[in-house]
Amino acid sequence: MMEQTDDILMLLPSRLKQARQAKGLSLEAVANLSGVSRSMVSQIERGESSPTISTLWNLTRALQVDFAGLMEDANNIARIEVLRYPDVPAINNMGQGCQIKILSPPEEAGGHEVYDIWFEDNGALNSKPHSRGTQEQLTVLDGAVQVVSGTMEENLRQGDTARYAADIAHSISSVDGPARVFLIVKSA
């Protein structure tokens, strides 16, 4: 346990500095926001001083970073989350002749959604308008599809990508056989 604690303390200075730089803040700005002196912030970032819990709390609040996240060891931060294809959630009651797999994490719903959609011959997904400003980006992986957004219409083949408004009625349908698309929905 002591070795793990030492590892965390070794990483803390660089993590605080990275968080500060990611926010585009100077040492002076962090000092003003946190109430910790500029020289103390600098010493902590250089690893010359170990912050108290209170000081660390003030710094993380000023930098708007997760206190616990800074304390995690590197093995917990560097990881790969895998969801095997058979376990990927599916939407089975939308559209006709299509299977929709949800590739994005649940917490992304309503913000940045990613789908893998398989269409049978003559399969279609007709969508009502999403929230104002929503855009979709579709790439055809296999086959051919027709994309309709409002009054606009385009036929796409394998490898083609279309970007279109999804805050109006829109649809995707297979053309001349089965098709597969990769769809990204980005809400404003």
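Now for a quick tour of the structure. Only a predicted model underlies this, so the values are computations on that prediction, with no experimental measurement involved.

The rules behind these values
Residues numbered from 1 in each chain as written. Predicted model: local features only at pLDDT ≥ 70, side-chain atom pairs only at ≥ 80, totals over all residues. Heavy atoms only, no water. Helix = DSSP H or I, 4+ residues; strand = E, 2+ residues; numbered from the N terminus. Buried < 20%, exposed > 50% of the residue type's maximum accessible area, 1.4 Å probe, protein only. Contact = heavy atoms within 4.5 Å. Areas by Shrake-Rupley, 256 points an atom, 1.4 Å probe, with all protein chains shown as cover. Pairing = 2+ DSSP bridges. 1 Å grid on protein atoms, 1.4 Å probe; cavity = no way out; pocket = protein on both sides within 12 Å on 5 of 7 lines; lining within 4 Å. Points joined across faces, edges and corners; volume = space filled by probe spheres on them. Core = buried A, V, L, I, M, F, W, Y, C linked by side-chain atoms within 4.5 Å. Axes fitted to C-alpha atoms, helices over the stretch in contact; angles between N-to-C directions. Parallel < 35°, antiparallel > 145°, perpendicular 65-115°, else oblique. Left-handed = near helix turned anticlockwise from the far one by under 90°. Nonpolar A, V, L, I, M, F, W, Y, C, P; charged D, E, K, R; others polar.

What to know about the overall build of the protein
- Per the secondary structure count, the protein includes six helices and nine strands.
- Relative to its 188 residues, the protein shows a buried fraction of 35%.
- Sequence separation of 24 or more characterises 62% of the internal contacts of the protein that already satisfy a separation of 6 or more.
- When the accessible surface of the protein is totalled, it reaches about 11700 Å², and 51% of it is carbon and sulfur.

Points about the pairing of strand E9 (residues 179-186)
- Residues of E9 alternate between two faces, with Ala-179, Val-181, Leu-183 and Val-185 buried on one and Arg-180, Phe-182, Ile-184 and Lys-186 left unburied on the opposite face.
- As paired strands, strand E3 (residues 112-127) and E9 are joined by eight bridges and run antiparallel to one another. Paired with Glu-113 across the two strands is Val-185, which belongs to E9.

Describing empty space enclosed by the protein
- For the coordinates displayed, the defined rule picks out one cavity of 30 Å³ or more.
- Estimates place the volume of the largest cavity at around 40 Å³.
- In this structure, the largest cavity is lined by Leu-16, Arg-20, Val-30, Val-41, Ile-44, Glu-45, Leu-59 and Leu-63.
- Those elements giving two or more residues to the lining of the largest cavity turn out to be helix H1 (2-22), helix H3 (38-45) and helix H4 (53-63).
- If you tally residues by element for the lining of the largest cavity, the top one is H3, at three residues.

Overview of the nonpolar core
- Ranked by internal contacts, the top residues of the largest apolar core, which has 19 residues, are Ile-117, Phe-119, Leu-138, Val-145 and Leu-183.
- Contributions of two or more residues to this core are made by strand E2 (96-102), E3, strand E4 (135-142), strand E5 (144-149), strand E7 (161-165) and E9.
- Sequence-distant contacts of Leu-183, that is, excluding residues within four places in its chain, are made with Glu-113, Val-114, Tyr-115, Ile-117, Glu-136, Gln-137, Leu-138, Tyr-164 and Ile-172.
- Leu-12, Val-30, Leu-56 and Leu-59 belong to the second largest nonpolar core, which has eleven residues in total.

Remarks on the packing of helix H2 (residues 27-34) against H3
- Where H2 contacts H3, the two axes come as close as 8 Å, and the packing angle between them is 115 degrees. Between H2 and H3, the angle is such that the two are roughly perpendicular. Between H2 and H3 the crossing geometry is right-handed. Residue-level inspection shows Leu-27, Glu-28, Val-30 and Ala-31 of H2 in contact with H3, the latter providing Arg-38, Val-41, Ser-42 and Glu-45.
- Within the contact of H2 with H3, the residues separate by chemical class into four nonpolar, one polar and three charged.

Examining the layout of surface pockets
- Looking at the largest pocket, its volume works out to about 230 Å³.
- Mapped onto the lining of the largest pocket, the elements with two or more residues apiece are E3, strand E8 (170-174) and E9.
- With five residues, E3 is the single largest residue contributor to the lining of the largest pocket.
- Split by residue class, the lining of the largest pocket holds nine nonpolar, seven polar and two charged.
- Space inside the second largest pocket adds up to approximately 190 Å³.
- The wall of the second largest pocket is formed by Glu-81, Val-82, Leu-83, Val-88, Pro-89, Ile-102, Leu-103, Ser-104, Pro-105 and Pro-106.
- Grouping the constituent residues of the lining of the second largest pocket by class yields eight nonpolar, one polar and one charged.

As for the packing of H2 against H4
- Contact geometry of H2 with H4 gives a least axis separation of 8 Å together with a crossing angle of 110 degrees. Judged by the inter-axis angle, H2 sits roughly perpendicular to H4. Classified by chirality, the crossing of H4 by H2 is right-handed. Note on element contacts: H4 touches H2 through Asn-58, Leu-59, Ala-62 and Leu-63, opposite Val-30, Leu-33 and Ser-34.
- Split by residue class, the contact of H2 with H4 holds five nonpolar, two polar and no charged.

What is shown is where atoms sit, not what they do.
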